[in-house]
Amino acid sequence: AYSGAADVIVARGSATSLAEFALQHKACVLVPSKQLAWNIKNAAVLQREGAVEVLDEDQAAQPERLGRTVAALLHDASYAVKLGAKLAECAGHAGAARDLAILLIDTAHSHSRQSKPALRKT
């Protein structure tokens, strides 16, 4: 509910959060945690694609730097829309939940067929 109402999102960069923001076409400023390699990698890939703005933790700790970055997105709606659209293109997949469910069901069916013991005639 909160991300849906936001014009700009400041987040760490976890894959599940990014997928949600991508489906919402949100402009994001990512501040990846130094301790979480996947946050850093997600942020770097999306920054290279022009889908997010990225600040490291030291930059984000400077109120004027973080403020300028967020303000730039709030004041330039066309750029914010462009970032949101690019994020959706890079990280969004509207049918992901359905595709994952199908994969899990198929895997479960395959596993159950393989693990059934053979019937013995007595």
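Residues numbered from 1 in each chain as written. Predicted model: local features only at pLDDT ≥ 70, side-chain atom pairs only at ≥ 80, totals over all residues. Heavy atoms only, no water.

Caption draft 1: Geometry of the environment of Val54. The topology assignment puts Val54 in strand S3 (residues 53-54). For Val54, a relative accessible area of 18% puts it in the buried group. Put simply, Val54 and Gly13 are 41 residues apart on the chain and 9.6 Å apart in space, counted from C-alpha to C-alpha. Sequence-distant contacts of Val54, that is, excluding residues within four places in its chain, are made with Leu30, Pro32, Ala43, Gln47 and Gln59. (Helix = DSSP H or I, 4+ residues; strand = E, 2+ residues; numbered from the N terminus. Buried < 20%, exposed > 50% of the residue type's maximum accessible area, 1.4 Å probe, protein only. Contact = heavy atoms within 4.5 Å.)

Caption draft 2: Molecular detail of helix H5 (residues 63-75). Taking 1.5 Å as the rise per residue, H5 with 13 residues should run 18 Å; its terminal C-alpha atoms sit 18 Å apart, in good agreement. Among the residues making up H5, those that are buried are Thr69, Val70 and Leu73. Each buried residue of H5 lies within a common arc of 90 degrees when the element is viewed along its axis, so the set occupies one face. Across H5 from its buried face, at more than 90 degrees, point the exposed residues Pro63, Arg68 and His75. In this structure, the buried residues of H5 make contact with strand S1 (8-11), strand S2 (27-30), S3 and helix H6 (77-91). (Expected span 1.5 Å × (residues − 1). Arc of directions from axis to C-beta.)

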